[in-house]
Amino acid sequence: MTDHGAADTSAAPFYLPSGNEVAVFEQCHAHKLAVMLKGPTGCGKTRFVEYMAWRLKRPLITISCHDDLSASDLVGRFLIRHDGTAWQDGPLTRAVREGAICYLDEVVEARQDTVVVLHPLTDYRRILPVDKTGETLEAAPGFQLVVSYNPGYQRMLKDLKPSTRQRFVALDFNFPPLATEVAIVEREGSADYATAHALVTLGQRLRGLQDRGLAEVPSTRLLIAAACLIASGIPVRDACYAAIVSPLSDEATLVGAMHDLVDATFV
Ligand code: ADP
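This structure is a prediction, so every number in the text was calculated from the model and none was measured. For every chain, the first residue of the written sequence is number 1, and numbering continues from 1 onward in sequence order. This being a predicted model, a pLDDT of at least 70 is required before a residue's local features are given, and a value of 80 or more before pairs of side-chain atoms are given or counted; all residues contribute to the totals for chains, interfaces and linings. By convention in this description, side-chain values take in all heavy atoms of the structure and omit both hydrogens and water.

*Asks:* Honestly, the site of the ligand in this entry has me stumped. Any pointers?
*Replies:* For each residue, the test is whether any non-hydrogen atom lies within 4 Å of the molecule or strand; if one does, the residue is near. Taken together, 16 residues surround the ligand, and among them L16, G42, K45, T46 and E188 come closest. The contact in question runs from an oxygen atom of the ligand to an N or O atom on the side chain of R221, over 2.9 Å. For the ligand, whose free accessible area comes to 560 Å², the fraction covered by protein is 90%. Within the residue set of the shell around the ligand, elements represented by two or more residues are α2 (45-55), α7 (178-188) and α9 (220-231). Among the residues making up the shell around the ligand, the classes are represented as 7 nonpolar, 5 polar and 4 charged. Pairing of N or O atoms within 3.5 Å defines a polar contact, subject to two protein rules: one partner must be a possible hydrogen donor and the other a possible acceptor, and residues neighboring in sequence count only if both atoms are side-chain atoms. Note on areas: Shrake-Rupley, 1.4 Å probe, and residue coverage restricted to the protein chains presented here. For helices the rule is a DSSP run of H or I covering at least 4 residues; for strands it is a run of E covering at least 2, with both sets numbered from the N terminus onward. Each residue gets one of three labels, nonpolar for Ala, Val, Leu, Ile, Met, Phe, Trp, Tyr, Cys and Pro, charged for Asp, Glu, Lys and Arg, and polar for the others, Gly among them.

*Asks:* I tried to follow the layout of surface pockets on my own but got confused; where do I start?
*Replies:* To find the voids left in a structure, one rolls a probe of water-molecule size over its atoms. Think of a 1 Å grid over just the protein atoms. A cavity is a set of points where a 1.4 Å probe fits yet cannot get out, a pocket is an open set with protein on both sides within 12 Å along at least five of seven lines, and lining residues have an atom within 4 Å of a point. Grid points are joined across faces, edges and corners, and a volume is the space filled by probe spheres set on the points. Each pocket or cavity is described by its volume, and for the largest pocket that value is around 540 Å³. Looking at the lining of the largest pocket, the elements with two or more residues in it are α2, β6 (101-105), β10 (169-172), α7 and α9. Tallying contributions element by element places α2 first for the lining of the largest pocket, with 4 residues. Classifying every residue of the lining of the largest pocket by side-chain character gives 10 nonpolar, 8 polar and 9 charged. Taken as a whole, the second largest pocket spans an internal volume of roughly 170 Å³. Forming the boundary of the second largest pocket are A71, S72, V75, G76, W87, V117, L128, P129, V130, D131 and K132.

*Asks:* What's the story with the packing of aromatic side chains in this structure? I'm lost.
*Replies:* The relative placement of two aromatic rings is captured by the distance of their centres and the angle of their planes. Any Phe, Tyr or Trp ring, taking Trp's six-membered ring, that has another such ring centre within 6.5 Å forms a pair; planes under 30 degrees apart are called stacked, those over 60 apart edge-to-face, and the others tilted. Here the structure, examined in full by the defined rule, presents 6 aromatic pairs. Here F25 and F48 contribute two aromatic rings whose centre-to-centre distance is 5.5 Å and whose plane-to-plane angle is 90 degrees, an arrangement assigned as edge-to-face. Of this pair, F25 sits in helix α1 (residues 21-30) while F48 sits in helix α2, and the two are 23 residues apart along the sequence. Assigned by exposure class, F25 and F48 land together as buried. The ring centre of F175 lies 3.8 Å from the NZ or CZ of R207, which sits over that ring. For the exposure calls, accessible area comes from a 1.4 Å probe over protein chains only, and a residue counts as buried if that area is under 20% of its type's maximum, exposed if over 50%, partly exposed in between. A positively charged side chain is recorded as over a ring if its NZ (Lys) or CZ (Arg) lies within 6 Å of the ring centre. The angle to the ring normal must also be within 35 degrees.

*Asks:* Looking at this structure, how should I read unusual backbone geometry?
*Replies:* Excluding glycine, residues mostly have negative phi values, and the peptide bonds linking residues are mostly trans. The phi dihedral of E106 is positive, around 55 degrees, even though this residue is not glycine. Topologically, E106 is positioned in the loop between β6 and α5 (112-115). Unlike most non-glycine residues, S190 shows phi in positive territory, near 50 degrees. Here S190 is to be found in the loop between α7 and α8 (193-207). Taking the relative accessible area as the measure of exposure, S190 reaches 56% and is therefore exposed.

*Asks:* Quick question: what am I supposed to make of the side chain of E181 here?
*Replies:* Assignment of secondary structure puts E181 in helix α7. For E181, a relative accessible area of 0% corresponds to the buried category. In this description, contact between two residues means that some pair of their heavy atoms is separated by no more than 4.5 Å. The contact partners of E181, leaving out residues within four places of it in the chain, are F175, P176, V200, R207, T220 and L223.

*Asks:* Just checking my understanding: could you explain the environment of L229 for this structure?
*Replies:* Along the chain, L229 falls in helix α9. Taking relative accessible area as the criterion, L229 reaches 30% and is therefore assigned partly exposed. Setting aside its immediate chain neighbours within four residues, L229 contacts I234, A239, A242 and A243.

*Asks:* I would appreciate a short explanation of α2 in the present structure.
*Replies:* Within an α-helix, residues lying three or four positions from one another point in the same direction, as the helix has 3.6 residues per turn. What α2 keeps buried is the set K45, F48, V49, Y51, M52 and A53. In this fold, the buried residues of α2 make contact with α1, β2 (35-38), β3 (60-64), β6, β9 (144-149) and β10. Looking one or two residues beyond α2, the residue adopting positive phi is K57, at roughly 55 degrees.

*Asks:* Looking at this model, I keep getting lost on the side chain of S148. Mind explaining?
*Replies:* With respect to the helices and strands, the residue S148 is situated in strand β9. For S148, the side chain forms a polar contact with the side chain of D105, separated by 2.7 Å. Other than its neighbours up to four places away in sequence, S148 contacts L37, K45, Y103, L104, D105, E106 and V107.

Remember, this is a structural readout, not a statement about activity or role.
Below is the structure:
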């Protein structure tokens, strides 16, 4: 869990929009609507929510979901201490009390009995029943629930129940348009324009391999990693192999096809 504590007064996180996602999110916040950020891994969902928390001047509490995450991990638990027991709020409860933006990353990883804890916070009630203490907390002004969701998980037969999905306004994320992604790789990967452009072109070509069995396509994050290696003096082909090709597949045919595309891009 990451807790950015009090509302961030530092410089804006670097975020380049691809459409009207900033305006839509702002309206969701104003209308107390929970938001689902849909898109493949590494396409900017986390950066977007960091940027929006900064813009809306709200603290941000991030929870990475996994299949062991329990309702108590979210809501809180009694801790046994030498002088008795003490209640400790979980991150969701803290977000509800503080009026924070609570970001549940990869919510589909959480078990259904954990996800239902979110339900009363996503409708007009905006409440969090804390069964163990008998409290019912009303979400403080500014509280907002945001989840990320990777539709690619459906291939692994993981999905959210339709009754859960309907509780969110969904914002579709995908890889940014070419010029935007080049600007991101330039800035985040300390790359010159020509290198950033070539890496994004390579990324777009590799994304075309999804039809040929590539389970996960290269994200902006991988292109940035390759740019960082190149900027620090690693030869281009080695950097592309280590940061892009190798993480994506072990399958010889696909690896070979990716190598060919690297060679074709960096002639
Ligand atoms: P996700 O949460 O979708 O897995 P991230 O937000 O962690 O992806 O994005 C991965 C990295 O890509 C970020 O750390 C950032 O460097 C970069 N990035 C992606 N999209 C953008 C964007 N629109 N503006 C700025 N940086 C971006």
